[in-house]
Amino acid sequence: MTDPGNGTTPSSREEAQRRADRIGAFREELEELDREGALRLTEEQRGELDRHHALVLEQLANAFDVDQTDRQKRLSAGMKVATLLGAVTLAAALYTFLYRFWGGMPVPLQAGTVVAMPLLLVGAMEVAARREKTLYVTLLLGLLAGASFVIGLPVLAGLFNVALPPASLLAWAAFCGALAWAYGLRLLLAAAILSVLQFAGTLAGPPDRCVWESFGHRPETFLPAAVLLFATPRLAPRWMLAGFAATFRTLGLLALFVPVLILGRAGNASALRLDPGTVEAGYQLLGFVLAALAAWLGVRSGWPEVTGVAGGAFVVYLYVKLYDWWWALLPRWVFFLLLGLVAVGLLLLLRRLHGLAQRGPA
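All values derive from a computational prediction rather than experimental measurement.

**Regarding the overall build of the protein chain**
Okay, so step 1: When helices and strands are counted, the protein chain shows 12 helices and 0 strands.
Okay, so step 2: Traced from its N-terminal end to its C-terminal end, the protein chain shows the element sequence α-α-α-α-α-α-α-α-α-α-α-α.
Okay, so step 3: For the protein chain, the residues scored as buried account for 34% of the 362 residues in total.
Okay, so step 4: For the protein chain, the share of sequence-separated contacts (at least 6 apart) that also reach a separation of at least 24 residues comes to 61%.
Okay, so step 5: For the protein chain, the accessible surface area stands at approximately 21,900 Å², while carbon and sulfur atoms represent 66% of it.

**A short note on the pattern of salt bridges**
When the charged atoms of two side chains lie near each other, side chains of opposite charge can form a pair.
Okay, so step 1: Under the definition given, this model contains 6 salt bridges.
Okay, so step 2: Arg46 serves as the salt-bridge partner of Glu31, at 2.6 Å between the closest nitrogen and oxygen. One end of the pair, Glu31, is in helix α1 (residues 13–36); the other, Arg46, is in helix α2 (residues 43–64), with 15 residues separating them in the sequence.
Okay, so step 3: Relative accessible area serves as the criterion here: at 35%, Glu31 is assigned to the partly exposed category.
Okay, so step 4: Its salt-bridge partner being Arg265, residue Asp324 comes within 2.4 Å of it at the nearest N-O pair. Of this pair, Asp324 sits in helix α11 (residues 304–326) while Arg265 sits in helix α9 (residues 245–265); the two residues are 59 residues apart in sequence, bridging distant segments of the chain.
Okay, so step 5: Beyond isolated ion pairs, a larger network of salt bridges with shared partners links Glu31, Arg46 and Asp50.

**Notes on empty space enclosed by the protein**
The rolling of a water-molecule-sized probe over the atoms marks out the regions of remaining empty space.
Okay, so step 1: With the rule as written, the count across this model stands at 1 cavity of 30 Å³ or more.
Okay, so step 2: Of the volumes computed, that of the largest cavity is approximately 100 Å³.
Okay, so step 3: Lining the largest cavity, in full, are Val260, Leu261, Gly264, Arg265, Tyr283, Gln284, Gly287, Phe288, Tyr317, Val320, Lys321 and Asp324.
Okay, so step 4: Where the lining of the largest cavity is concerned, the elements lending two or more residues are α9, α10 (276–301) and α11.
Okay, so step 5: Here the residues of the lining of the largest cavity sort into 6 nonpolar, 3 polar and 3 charged.

The rules behind each value
Residues numbered from 1 in each chain as written. Predicted model: local features only at pLDDT ≥ 70, side-chain atom pairs only at ≥ 80, totals over all residues. Heavy atoms only, no water. Helix = DSSP H or I, 4+ residues; strand = E, 2+ residues; numbered from the N terminus. Buried < 20%, exposed > 50% of the residue type's maximum accessible area, 1.4 Å probe, protein only. Contact = heavy atoms within 4.5 Å. Areas by Shrake-Rupley, 256 points an atom, 1.4 Å probe, with all protein chains shown as cover. Salt bridge = Lys/Arg side-chain N within 4 Å of Asp/Glu carboxyl O. 1 Å grid on protein atoms, 1.4 Å probe; cavity = no way out; pocket = protein on both sides within 12 Å on 5 of 7 lines; lining within 4 Å. Points joined across faces, edges and corners; volume = space filled by probe spheres on them. Nonpolar A, V, L, I, M, F, W, Y, C, P; charged D, E, K, R; others polar.

Dropping the structure here:
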């Protein structure tokens, strides 16, 4: 029997969970093959295989606390929801508590509280991370630390009567991103990426400065950031993105498809000096092309998150275009019947493609 310790050690809980899921699926298929008489192992072989899998699962459970049953997976999903709700409610409680006594506190104490709060929470994260494998408490504390930093920075600027520049969004991104990488927390990474995208949205102002009021006025400012986010898993070293590649690709695609959708409806928001109707038509066509290419790339590369986002974007673009064409011309019931028929047509097309893929070479 091979020593599991000689294999590749998973670098994250997600990889460890995928290995545990593969072992569970292999065991089920082996039982099915045995019942069908297609494959029968000797008692010695079966015992050796079971002992090897049991040892692997024990090591994964000790290192990452992976879920080995469907019940454990359901409990883990509930714990994730509870963690997010707990972070939101505790952040609200902390904010309202400080607000209750804020006016009676001297300015030095206010500034000290704002500075110390995220640092104390980061220290608590380190203690929690050393004591738990699932990192649910660590994530909760991390979300609180991020919220206290995001809220505290403008409060600190207000105490000293300093204007907070949009570049502070990059400070929020750096803080949340550092915590995400240190503890492998994808939700905090998503918060960091969204802060970077918000900063990109403020760059639509005058060329010599970026202003808060310019956020979203020129949706094209999101497009370079979206392309960079999507390409990050290819450009960055693999060890830096353990468990994070899907998050970068998903948010990168959303940051690409949403501005394209907006520009396809509001051509006057474009920075291009063209007729708004021409701009809208161009971006509508671009949206369909990009969604189709992204869906193809997702299937070819084995990225289900890319395929899902691209497929959803294609359907949204299609339905918006159908609305433009026929909402004002057709009776409501005919319009919705048409949408239903389009959905059935897409389903049949996907079934056909699925069947061709099954008959193709492995």
